[in-house]
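# Report on the structure
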Amino acid sequence: MSREIQVFEPFSILGLEPGASDSAIKKAYRRLSIQYHPDKNPDPAAHKYFVEFIAKAYQALTDPISRENFEKYGHPDGRQGFQIGIALPQFLLNIDGASSGILLMWIVGVCILLPLVVAVVYLSRSSKYTGNYVKNDTLAAYFHLMKPSLAPSKVMEVFIRAAEFLEIPVRRSDDEPLHKLFMTVRSELNLDLKNIRKEQAKFWKQHPALVKAPICSSDMVVHGFKRKNLCGMQLGIFMMSDFAMAIIPRTSKGHGWLRPAVGIVELSQCIVQAVPLSARKAEGIAPFLQLPHFSDDIIKKISRKKVRTFQEFQVMSIQERAELLSQVAELSPPEVQDIEKVMELIPSLTVDVTCETEGEEGIQERDVVTVQAWVTLKRPNGLTGALPHAPRYPSHKEENFWFLLADSNSNTVWFSHKISFMDEVAAVSAASTAIGDRMEVLGASPQETTAAIKEAVEKVKSGSRLAMGKFLAMAEGNYNLTCYLLCDSWIGCDQKSTLKLKVLKRTRAGTRGGQANDVPDDGIEEEEEVEEEDEEDIESEYSDDEDDKPNVKKKGVANGKVGGKRRQASSSSGSDEE
């Protein structure tokens, strides 16, 4: 029902201006009575209008009680209101009969039992899932199946053990297409191709859902998402859940595992870019395959021109790349233009890392060490936040970056932080809060705090992001840590550098200086070359090593610079220098 509420205006009804005199009110009433009074006008509508409006308007302006009601409630009859009722069947309102029990049951069922049933069903289903809609059984499987030395080729075996895959329906009609799919991706399943029939029969004896899952997942890596096997958003959530189970504290020191974490990120890169995992075994091939129109033949052609790595291809000018692709690779101008558009999206990353104990000179055992890393992203097109080129991914995929501070020798992750360049407002807020809290701990003045926050905001607006956290210092000794900057969407843009950290023996309160060594009076420290780490100490069997750069020591702080520009490292000691 829709009804317009009309405001009662006695002066308007009588055709007068507000504040008219009593004589004018009486004259107007007599004039309208001649026109609408029942004795003068037999029309029922006129009679109704006279009684409900004219008479009440005159009464509201002349009678003291009616006038008081009008001034208080806006109507001469006093407060006006309306009632709303709910229509119910007649037998439910027959209180004299037996229907009173039915009414009671109806009230109990609708008002009590129905909400209770809905709540029980909702809680029973929601208790099976985490906050990101991944089943608890899936996280438990990932946790128990994760191994310290898990490589990308083995990550898929853990990934397909998600509880959600057990619910995949398996029909007889799927046998033929799955067999064709199996023959297509068998090279990615680590099977013995000489005894393919025996291997296939053994493979198909597994649970049907877990048979379909690895075949479909391998197809995603080889051919992308042409068949839309999984929702891209759901796949990304599974990947991040798998990653979280790798970096979750596992050791007695509260550290996660490095090798599986890097392997999961590399698998994510292959799935987003639809590049086979086997391509990572060949040095320098995988990054090229994420470009449009590239194939193994084109890679071989340009390698003859001494362009063997993706980094060499990146540093070439636009004109040089166009000549190489058109003359050597024999690509058409539109194809060259497509490749150039993707090259403008590929990010270049640098990171500046600082490790220190707040308010102290040097790092001692069991100190709470603060890690501060400024990650800077640059693209040839000038954008900071952008969606990666992933034409075979079923949905929009945002770039996610991970900063890891790890010890390659012990395969442990000391500190991890997720970084996103999409939301600048959130990054400004997070950086301002972190820097403000740090300056407060250091006892800085309000002016110094404001200046530090302003500097941090300017860095964020110029394309940098802050990763800040804390970890507990280990036992006394020298540690060769590695800073990893990993991207889950692009192949070949990951960065790593060596960071040397010296932890001193715990001394008594007030003697934080550590051992005394002969050092120059001016405090300038000597430069030294950092030895290359063994290839087995890097993140995975498919990762490419980068040449370590010289490390420069600074007093009391450990610093690192990544990205091909400059890298610094120093040990922490109040009086010791290297």
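Residues numbered from 1 in each chain as written. Predicted model: local features only at pLDDT ≥ 70, side-chain atom pairs only at ≥ 80, totals over all residues. Heavy atoms only, no water.

### What to know about the side chain of T138
By secondary structure assignment, the location of T138 is in helix 6 (residues 136–145). The exposure class of T138 is buried, given its relative accessible area of 0%. (Helix = DSSP H or I, 4+ residues; strand = E, 2+ residues; numbered from the N terminus. Buried < 20%, exposed > 50% of the residue type's maximum accessible area, 1.4 Å probe, protein only.)

### A closer look at the packing of helix 2 (residues 22–36) against helix 3 (residues 44–62)
Here helix 2 crosses helix 3 at 170 degrees, and the two axes come no closer than 11 Å. On the basis of the axis angle, helix 2 is roughly antiparallel to helix 3. Of the residues in helix 3, those in contact with I25, K26, Y29, L32, S33 and Y36 of helix 2 are A46, H47, Y49, F50, I54, A55, Y58, L61 and T62. (Axes fitted to C-alpha atoms, helices over the stretch in contact; angles between N-to-C directions. Parallel < 35°, antiparallel > 145°, perpendicular 65-115°, else oblique. Contact = heavy atoms within 4.5 Å.)

### Observations concerning the UniProt feature "transmembrane region" (unreviewed entry) in the chain
UniProt records the feature "transmembrane region" (unreviewed entry) for residues 102–123 in the present numbering. Within residues 102–123, the helical portion is 100% and the strand portion 0%, while the C-alpha atoms at the span's ends are 30 Å from each other. (UniProt positions renumbered as here; feature names shortened; annotations may be inferred.)

### Some words on the side chain of T357
Structurally, T357 can be placed in the loop between strand 2 (348–356) and strand 3 (368–378). A polar contact of 3.5 Å, which involves the side chain of T357, links it to the backbone oxygen of G362. (Polar contact = N/O pair within 3.5 Å; in protein donor to acceptor, adjacent residues only side chain to side chain.)

### Overview of the pairing of strand 4 (residues 401–407)
Most of strand 4 sits inside the fold, with seven of its seven residues counted as buried. Where burial is concerned, the two faces of strand 4 agree: the one with F401, F403, L405 and D407 and the one with W402, L404 and A406 are both buried. Hairpin connection between strand 4 and strand 5 (residues 412–419): a loop of four residues separates the two successive antiparallel strands, and N411 in this loop has a positive phi of roughly 60 degrees. Looking at chain direction, strand 4 and strand 7 (residues 477–487) are connected through six bridges and run antiparallel. Of the residues in strand 7, the one forming a bridge with L405 is C483. (Pairing = 2+ DSSP bridges.)

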